Amino acid sequence: MLPDLADLPAGDDHLREQRLDSTLAHSGRFLQVMHDTVRLPDGSVSYREYIVHPGAVMVVPILDDGRLLLERQYRYPHHRAFIEFPAGKIDAGEAGITCGVRELHEETGCSAAEWALAGELRNAIAYSDERIEIWFARGLTVGERRLDEGEFLDVFAASEQQLSDWIRDGEVTDAKTMIALLWLQQWRAGRWALDWRPAEAWSRGR
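Overview of the structure. (Residues numbered from 1 in each chain as written. Predicted model: local features only at pLDDT ≥ 70, side-chain atom pairs only at ≥ 80, totals over all residues. Heavy atoms only, no water.)

Section: the pattern of salt bridges
Counted according to the given criterion, the structure contains 22 salt bridges. Where Arg19 meets Asp36, a salt bridge forms, and the shortest distance between an N and an O atom there is 4.0 Å. On the criterion of sequence distance, the pair formed by Arg19 in strand S1 (residues 18-27) and Asp36 in strand S2 (residues 32-39) is long-range, its members being 17 residues apart. Between Arg131 and Glu120 there is a salt bridge; the shortest N-O distance is 2.8 Å. Residue Arg131 is found in the loop between strand S8 (110-121) and strand S9 (132-142), and its partner Glu120 is found in strand S8; the two are separated by 11 residues along the sequence. The partly exposed category is assigned to Arg131, whose relative accessible area is 26%. Classification of Glu120 by relative accessible area gives partly exposed; the value is 38%. (Salt bridge = Lys/Arg side-chain N within 4 Å of Asp/Glu carboxyl O. Helix = DSSP H or I, 4+ residues; strand = E, 2+ residues; numbered from the N terminus. Buried < 20%, exposed > 50% of the residue type's maximum accessible area, 1.4 Å probe, protein only.)

Quick look at the packing of aromatic side chains
Under the definition given, this model contains six aromatic pairs. The interplanar angle of 55° and the centroid separation of 5.5 Å between the aromatic rings of Trp187 and Trp196 together place this pair among those described as tilted. For Trp196, a relative accessible area of 14% translates into the label buried. One aromatic cluster is present, formed by Trp115, Trp135 and Trp202 through successive ring pairs. The positively charged end of Arg197 is found above the aromatic ring belonging to Trp202, 4.3 Å away from the centroid. (Phe/Tyr/Trp six-rings, centres within 6.5 Å; stacked < 30°, edge-to-face > 60°. Lys NZ or Arg CZ within 6 Å of the ring centre and 35° of its normal.)

Concerning the pairing of strand S3 (residues 45-52)
In this sheet, S3 lies alongside S2 in antiparallel orientation, the contact comprising eight bridges. When the bridges of S3 are listed, Thr37 appears paired with Tyr47. From the end of S2 to the start of S3, which pair antiparallel, there are five residues, and Gly43 there has a positive phi angle of about 95°. (Pairing = 2+ DSSP bridges.)

Topic: the environment of Leu153
Among the structural elements, Leu153 can be located in strand S10 (residues 153-158). C-alpha separation for the pair Leu153 and Ile132, spaced 21 residues apart in sequence, amounts to 20 Å. If we skip the residues at most four places from it in the chain, Leu153 touches Glu71, Arg72, Gln73, Glu107, Arg145 and Leu147. (Contact = heavy atoms within 4.5 Å.)

Some words on the nonpolar core
By size, the foremost hydrophobic cluster in this structure holds 26 residues, and its most contacted members are Met58, Phe85, Ile134, Phe136 and Leu163. Of all elements in the fold, only strand S4 (56-62), strand S5 (68-75), S8, S9, helix H2 (160-168) and helix H3 (175-188) reach the threshold of two or more residues within this core. Leave out the neighbours within four places in its chain, and Met58 touches Phe85, Pro86, Ala87, Leu121, Ile132, Glu133, Ile134, Trp135, Lys176, Thr177 and Ala180. Listed in part, the 16 residues of the second largest apolar core include Val57, Leu63, Leu69 and Leu104. (Core = buried A, V, L, I, M, F, W, Y, C linked by side-chain atoms within 4.5 Å.)

Overview of the sheet that holds S3
One open sheet holds the three strands; their spatial order is S1-S2-S3, and the pairing between them is antiparallel. Only two strands of the sheet have a single neighbouring strand rather than two, namely S1 and S3. For this sheet the average axis-to-axis angle between neighbouring strands, irrespective of direction, equals 20°. (Axes fitted to C-alpha atoms, helices over the stretch in contact; angles between N-to-C directions.)

Digging into the layout of surface pockets
In this model, the largest pocket occupies a volume close to 1300 Å³. For the largest pocket, the lining is made up of 34 residues, of which Phe30, His53, Arg75, Glu130 and Lys176 are closest to its centre. Each residue belonging to the lining of the largest pocket can be placed in one class, and the counts come to 13 nonpolar, eight polar and 13 charged. Of all the secondary-structure elements, those providing two or more residues to the lining of the second largest pocket are S2 and S3. Residue contributions to the lining of the second largest pocket peak at three residues, all from S3. Of the residues contributing to the lining of the second largest pocket, the split by class is five nonpolar, one polar and six charged. (1 Å grid on protein atoms, 1.4 Å probe; cavity = no way out; pocket = protein on both sides within 12 Å on 5 of 7 lines; lining within 4 Å. Points joined across faces, edges and corners; volume = space filled by probe spheres on them. Nonpolar A, V, L, I, M, F, W, Y, C, P; charged D, E, K, R; others polar.)

Details of a nonpolar patch on the surface
A cluster of nonpolar residues, Leu20, Val45 and Tyr47, forms a patch on the protein surface that exposes about 290 Å² of accessible area. Structurally, the position occupied by Tyr47 is in strand S3. Its relative accessible area of 52% is what places Tyr47 among the exposed residues. (Patch = residues over 30% accessible without salt bridge, like charges linked within 9 Å, V, L, I, M, F, W, Y side chains within 5 Å. Areas by Shrake-Rupley, 256 points an atom, 1.4 Å probe, with all protein chains shown as cover.)

This is how it looks when you write it as structure tokens:
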């Protein structure tokens, strides 16, 4: 019979890997690749390669009619366009809400009256330390986009059901967008709460 989580040893000390050496294998414009030597829990030695990422924010913009604001963007590693929610890299020392406000405006032209922090996700835990903050935005005012140089994307509206169908049919496979739909469904069903505040209130601390 399999144990419950409560039946397992407390803490994770028995699973920890001890770093013995760390080497920068590659340094790019905003990503670094590390090659570490580690001691495993049984005392043997192994190696870990992983990507160091500055972190990112994803915004789930909700229109007044309940539809969602989505993007279609070409992602070079896969040589195809993906449907996803607006997202962007956090600059050094930048708060997540600041990044979210900036990315929403730059990519969609929208500003939001209220924001809610849902949580965070770790989208590639086996080979990257990237964390993505999930922010919801509502009370949208549409303005003019200000895309970064070299950035090209389509912006469009879709219903929750449409997004759900696209995920079911394999047309949407972006992990963060799939997690965002889960959050949205749980919130709209009254099972998960969201604390809505103006962006300025989040900037002052929570």
